[in-house]
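Notes for the structure review
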Amino acid sequence: MRSIWVLIAMAILVVSGCKGKDNTSVYSTPGGQVKVEKKGNGDVKELTVTSEKGTVTFRTGKGEIPEDLGVPIYPGADAEEGRTWSMKGMNKGKEGGVSSTFLHSDDGIEKVIAFYKKELKGRTPKFFEMTSPNGRMANFAIDTDAPVSINIMIAESPDKKGTQVHITRIQK
């Protein structure tokens, strides 16, 4: 476990970078490997930490939506920059993983909720809805006996007009 923290610390240290064309750097330690992909302006595009326990990948680019979420993406929703990540194989040596992304739509929460109610019909999701000081929230939880669970959190955006959608898929 300590070696994974060493890898993550090393990855954070190498995040600042040079200007120019896109480039990839790979750093190796006894505990594993860190791969950093940078854009030409030096911003990190993707950071991957690999050890014997699995792989963790963070993507920072706007528009990066994992392909393995297992549910449809709300039409017209955009991935929020720096808020997509995936992790594979970190479940005590068993095959497993997590993919997660935050999306934003200019549409109101009612329209987004209606879309997911229609699209998830037949998958028997648990549906919860509440109101908080920041606005309305809704949650769809698809958690069957299958080795995959999916959670869709929908909330009125407190910062800008529209709705935030957070989708997380967990491979048990």
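Residues numbered from 1 in each chain as written. Predicted model: local features only at pLDDT ≥ 70, side-chain atom pairs only at ≥ 80, totals over all residues. Heavy atoms only, no water.

1. Some words on the overall build of the chain
Within the chain, the secondary structure is distributed over 2 helices and 10 strands. The secondary structure elements of the chain, listed N-terminal to C-terminal, are α-β-β-β-β-β-β-α-β-β-β-β. Per-residue burial over the chain gives 39% buried out of 172 residues. At a minimum sequence separation of 6, the contacts of the chain that also span at least 24 residues come to 45%. (Helix = DSSP H or I, 4+ residues; strand = E, 2+ residues; numbered from the N terminus. Buried < 20%, exposed > 50% of the residue type's maximum accessible area, 1.4 Å probe, protein only. Contact = heavy atoms within 4.5 Å.)

2. Concerning the pattern of salt bridges
Per the counting criterion, the structure on display carries 4 salt bridges. Taking the shortest distance from any N to any O, the salt bridge between Glu37 and Lys35 comes out at 3.7 Å. Among the residues examined, Lys35 registers a relative accessible area of 33% and is labelled partly exposed. One salt bridge in this structure joins Glu110 and Arg136, with 2.2 Å as the shortest N-O distance. You can see Glu110 sitting in helix α2 (residues 109–119) and its partner Arg136 sitting in strand β8 (residues 135–143), a full 26 residues away along the chain. Note on Glu110: relative accessible area 51%, which makes it exposed. Ionic contacts of the salt-bridge type, sharing partners, join the residues Glu110, Glu129 and Arg136 into one network. (Salt bridge = Lys/Arg side-chain N within 4 Å of Asp/Glu carboxyl O.)

3. Some thoughts on the pairing of strand β2 (residues 32–38)
Within β2, 5 of the 7 residues are buried, which leaves it mostly tucked inside the rest of the structure. Of the pairings in the sheet, the one linking strand β1 (residues 23–29) to β2 comprises 7 bridges and is antiparallel in character. In the sheet register, Ser25 faces β2, and the bridge partner there is Val36. Between β1 and β2, which follow one another and run antiparallel, lie 2 residues. Between β2 and strand β3 (residues 44–51), which pair antiparallel one after the other, the connecting turn spans 5 residues, and Gly42 there sits at a positive phi close to 95°. (Pairing = 2+ DSSP bridges.)

4. Overview of the confidence of the model for the chain
Caution is warranted with low-pLDDT regions, since their predicted coordinates should not be read in detail. Residues of the chain with pLDDT of at least 70 account for 78%, and the chain-wide mean is 80. Considering each helix and strand of the chain separately, the mean pLDDT is smallest for helix α1 (residues 2–13), with a value of 51, and largest for α2, with 96. Every residue in residues 13–18 scores below 50 in pLDDT, and together they form 14 contacts with partners more than four places removed in sequence or on other chains. (pLDDT = per-residue confidence, 0-100.)

5. Here we look at the side chain of Ser157
Turning to its location among the elements, Ser157 is positioned in the loop between β9 (148–156) and β10 (163–171). Within the structure, the side chain of Ser157 is placed 3.1 Å from the backbone oxygen of Lys160, a separation counted as a polar contact. When near neighbours in sequence (up to four residues on either side) are disregarded, Ser157 contacts His104, Gly162, Thr163 and Gln164. (Polar contact = N/O pair within 3.5 Å; in protein donor to acceptor, adjacent residues only side chain to side chain.)

6. Here we look at the nonpolar core
Nonpolar side chains in soluble globular proteins generally cluster together in the buried interior. If you look at the biggest cluster of nonpolar residues, it comprises 21 residues, and the most contacted ones within it are Tyr116, Ile152, Ile154 and Ile167. Where this core is concerned, the elements lending two or more residues are α2, β8, β9 and β10. The greatest single-element share of this core, amounting to 5 residues, is contributed by α2. If near-sequence neighbours (up to four positions away) are discounted, Ile152 is found in contact with Val71, Tyr116, Leu120, Ala138, Asn139, Phe140, Val165, His166 and Ile167. Val34, Val36, Val44 and Val49 belong to the second-largest nonpolar core, a separate cluster that totals 5 residues. (Core = buried A, V, L, I, M, F, W, Y, C linked by side-chain atoms within 4.5 Å.)

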